[in-house]
Amino acid sequence: MYQQVGACLKLEGSVNDMDRVDCVNRFHRNAVQVVEAQRRIEQHLNRLDVEEVSLENAYSRTLAEDIIAPDNMPHFRRSGMDGFAIMSSSTRRTSSESPVLLEVIDNIPCGAQPTKALSQRTASRIMTGAMVPENADAVIMLEMTDDFEEQGKTYISIKKEVHPGQNLTPIGHEITMGHCVLQKGIEILAGETALLATFGFSRVKVYKRPTIAIFATGSELLPVDAPLCAGKIRNSNSYMLAALIRGAGGIPLLMGSIPDEADQAQTRILEAFSVADFVITTGGVSVGDYDILVDIFEKWKGKVLFNKVAMRPGSPTSAGVWNDQFLFALSGNPGACFVGFELFVRPVILGMQGIQNRYMRDFTAFLGEDFTKVNAYPRYVRGKFYVIDGKVFVKPVGMDQSSVTVSIKDSDCLIKIPPGGKGMLQGELVCALMLRG
Ligand SMILES: Nc1nc2c(c(=O)[nH]1)N[C@H]1C(S)=C(S)[C@@H](COP(=O)(O)OP(=O)(O)OC[C@H]3O[C@@H](n4cnc5c(N)ncnc54)[C@H](O)[C@@H]3O)O[C@H]1N2
Ligand code: MOO
Ligand SMILES: [Mg+2]
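Only a predicted model underlies this, so the values are computations on that prediction, with no experimental measurement involved.

Caption draft 1: A look at the overall build of the protein. Check the secondary structure of the protein and you find 7 helices and 27 strands. In terms of overall dimensions, the protein has C-alpha extents of about 110 × 50 × 45 Å along its principal axes. Per-residue burial for the protein yields a buried fraction of 47% across its 437 residues. Carbon and sulfur atoms form 51% of the exposed surface of the protein, whose accessible area is close to 21,300 Å².

Next comes the structure, spelled out in structure tokens:
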């Protein structure tokens, strides 16, 4: 299929009309800045439809409706302690020298509705979380009372004044009826789940999760369960991407690896658009003889968003759109594949689920050690942050080459080293981006 023509390749009789040699595009690609690449992606980003899920399956999903409180929370006056519900006025001017005696007329467990009205001479035994009788305005803790029996009746003595409202949670203390409890676009985690359950939402409207087809390219790639052989490696990027997609709330579709053959790759990529919301490939985007994604992008019938980004690692990262569906061609080098995902793909997965804050949070920190590698482009160095004496520091996690896999697991941020100069020195302030894991 391929003919070597000098340093370039010719693809013959291909389905995508690649019948000319085009060295210029492959070697002279126009690098766009990261923010410009993100801006171009955003122009084609569409939120997915809404679906309804059961509350137990709503964890980590994005809420697609405002939740308005249908009730007050709490919806009845609630005791905060195990004790006695009383009228606080009955304890006025009470002291250890002159305690007040109240007759216990009721016993109110949680879940019961009190029926007996109190007077200034009576009290109702009540448990934490139980409904306080209507004319009581305070609860005194069990430990603050002494009780005794007399002629078949139970009495308590109170030696201290009790204030109105003491140990009593008023109606609507947390949330008042009609108030917006949760806003559309938030992620449903534990606290949100508790509120949804409280207000009786057994099913919730959430945005659909995008399905993403992952292709690895490269004739050197072995399936994960295959034994190693000379010159070949196992396809780790597909699994790393699947894990990253899951972490961002997407559904990965592992499509396996495709050999370095542009026609076959293109056919399979186009087919994948019908089973997935968008497609990611890894590998084959640089200037090499077998970098077939470059051939595909040169002849791409859809829109090419960019085919080079001013960044390290991952400068050959490319992206296009086919009928409103993205194709992200990430680098094959694992470090570059990871960074490309974090900068360009994760925001899309989050955005499709209606999430507003979809870009990595940035923060400023002191550089913990020199980083003197000279850069033509901004460099996103895998790093870790730590705090000493209230100051935030970041440090590269170790081997940082684009081809290195082992340091990905150790990083919790990307340290942004600006281009030019002599790198940056220990103690200088740098910008870093928080990884979400
Ligand atoms: N002459 C030049 N060579 C290179 C340049 C350049 O500008 N001129 N750019 C370098 C940069 S920067 C990068 S980044 C890489 C990009 O490589 P590709 O995206 O084309 O990826 P491949 O060539 O397919 O593979 C690179 C490397 O990664 C390994 N790989 C590929 N796929 C996987 C996978 N699924 N799992 C694990 N590892 C994978 C592959 O075996 C190679 O070792 O190009 C530089 N070269
Ligand atoms: O842009 Mo590459 O990822 O530096 O090796
Ligand atoms: Mg290559």
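Caption draft 2: Up close: the coordination of the magnesium ion (ligand 3). Distances from the magnesium ion (ligand 3) to its protein donors, namely Asp 291 (OD) and Asp 291 (OD), fall within the range 2.3 to 2.5 Å. Examined against the element boundaries, Asp 291 turns out to sit in the loop between β19 (278–282) and α6 (292–298).

Caption draft 3: Region of interest: the site of ligand 2. Contacts to ligand 2 come from Arg 312, Pro 313, Gly 314, Ser 315, Pro 316, Asn 333, Ala 336 and Ser 402. Contact between ligand 2 and Gly 314: an oxygen atom at 2.4 Å from a main-chain N or O atom of the residue. With respect to ligand 2, the side chain of Ser 402 contributes an N or O atom lying 2.8 Å from an oxygen atom. A per-class count over the shell around ligand 2 returns 3 nonpolar, 4 polar and 1 charged.

Caption draft 4: Just the pairing of strand β24 (residues 379–388), in detail. For β24 and strand β26 (residues 413–417), the ladder comprises 5 bridges, and the chain directions are antiparallel. Counted as the bridge partner of Tyr 380 is Lys 416 from β26. With 6 bridges joining them, β24 and strand β25 (residues 391–396) adopt antiparallel strand pairing. Within β25, the position partnered with Ile 388 by the bridge is Lys 391. Here β24 folds back onto β25, and the loop between the two strands holds 2 residues, one of which, Asp 389, carries a positive phi near 50 degrees.

Caption draft 5: Layout of the sheet that holds β24. Strands sit in the order β23-β25-β24-β26-β27 around a closed barrel of 5 strands; the barrel is mixed. Shown here is a sheet whose adjacent strand axes are inclined to one another by a mean of 55 degrees, direction ignored. By the bridge criterion, 5 bridges tie strand β23 (residues 362–367) to strand β27 (residues 429–434) in an arrangement that is antiparallel. Paired with Ala 365 across the two strands is Val 430, which belongs to β27.

Caption draft 6: Structural context of the packing of helix α2 (residues 34–42) against helix α7 (residues 334–352). For the pair α2 and α7, interaxial distance at closest approach is 10 Å and the crossing angle is 25 degrees. In terms of orientation, α2 lies roughly parallel with respect to α7. Pair α2 / α7 crosses with right-handed handedness. Counting all contacts with α2, which are made through Val 34, Ala 37, Gln 38 and Ile 41, the residues of α7 involved are Leu 343, Phe 344 and Val 348.

Caption draft 7: Structural context of α7. For α7, which comprises 19 residues, the first-to-last C-alpha distance of 25 Å matches the rise-based estimate of 27 Å (1.5 Å per residue) to within 8%. Of all bends in α7, the biggest is about 45 degrees, found at Glu 342. The element α7 is largely enclosed, with a buried count of 19 among its 19 residues. The positive-phi residue at the C-terminal boundary of α7 is Gly 354, with phi of around 80 degrees.

Caption draft 8: Quick peek at the site of ligand 1. Taken together, 22 residues lie around ligand 1, and Glu 220, Asn 235, Gly 284, Val 285 and Gly 332 are the ones closest in. Taking Asn 333, its main chain carries an N or O atom lying 3.4 Å from an oxygen atom of ligand 1. If ligand 1 stood free it would expose 870 Å²; the protein chains cover 67% of that surface. Only β15 (211–217), β17 (233–234) and α4 (236–247) provide two or more residues apiece to the shell around ligand 1. Within the shell around ligand 1, the residues separate by chemical class into 6 nonpolar, 12 polar and 4 charged.

Caption draft 9: Quick peek at the pattern of salt bridges. Counted under the stated rule, the structure contains 10 salt bridges. Among the salt bridges present, the one from Asp 146 reaches Lys 159, with a minimum N-O distance of 3.2 Å. With Asp 146 in strand β10 (residues 145–150) and Lys 159 in the loop between β11 (153–158) and β12 (168–169), the pair connects residues that are 13 residues apart, well separated along the chain. The exposure class assigned to Lys 159 is partly exposed, which follows from its relative accessible area of 39%. With a closest N to O distance of 3.7 Å, Lys 384 and Asp 412 form a salt bridge. On the criterion of sequence distance, the pair formed by Lys 384 in strand β24 and Asp 412 in the loop between β25 and β26 is long-range, its members being 28 residues apart. Note on Lys 384: relative accessible area 41%, which makes it partly exposed. In this structure, a network of salt bridges that share partners links the residues Glu 36, Arg 39 and Arg 40.

Caption draft 10: Local environment of the UniProt feature "domain: MoaB/Mog" (unreviewed entry) in the protein. UniProt marks residues 213–351 with the feature "domain: MoaB/Mog" (unreviewed entry), using the numbering shown here. Between the end C-alpha atoms of residues 213–351 the distance is 17 Å, and the span holds 35% helix and 27% strand.

Caption draft 11: Examining α4 more closely. In a regular helix each residue adds 1.5 Å, so 12 residues correspond to 16 Å; α4 covers 17 Å between its end C-alpha atoms and thus fits that length. Here α4 has its buried residues at Asn 237, Ser 238, Met 240, Leu 241, Ala 242, Leu 244 and Ile 245. Gly 249 lies just past α4 and shows a positive phi near 95 degrees.

Caption draft 12: How the structure looks around the environment of Thr 372. With respect to the helices and strands, the residue Thr 372 is situated in the loop between β23 and β24. The class of Thr 372 is partly exposed, set by a relative accessible area of 47%. Put simply, Thr 372 and Ser 236 are 136 residues apart on the chain and 30 Å apart in space, counted from C-alpha to C-alpha.

Definitions and cut-offs
Residues numbered from 1 in each chain as written. Chains lettered and ligands numbered in written order. Predicted model: local features only at pLDDT ≥ 70, side-chain atom pairs only at ≥ 80, totals over all residues. Heavy atoms only, no water. Helix = DSSP H or I, 4+ residues; strand = E, 2+ residues; numbered from the N terminus. Buried < 20%, exposed > 50% of the residue type's maximum accessible area, 1.4 Å probe, protein only. Areas by Shrake-Rupley, 256 points an atom, 1.4 Å probe, with all protein chains shown as cover. Donors = N, O, S within 2.8 Å, 3.2 Å for Na, K, Ca; no water. Near = heavy atom within 4 Å. Polar contact = N/O pair within 3.5 Å; in protein donor to acceptor, adjacent residues only side chain to side chain. Nonpolar A, V, L, I, M, F, W, Y, C, P; charged D, E, K, R; others polar. Pairing = 2+ DSSP bridges. Axes fitted to C-alpha atoms, helices over the stretch in contact; angles between N-to-C directions. Parallel < 35°, antiparallel > 145°, perpendicular 65-115°, else oblique. Left-handed = near helix turned anticlockwise from the far one by under 90°. Contact = heavy atoms within 4.5 Å. Expected span 1.5 Å × (residues − 1). Bend = angle between axes of the 7 residues up to and from the residue. Salt bridge = Lys/Arg side-chain N within 4 Å of Asp/Glu carboxyl O. UniProt positions renumbered as here; feature names shortened; annotations may be inferred.

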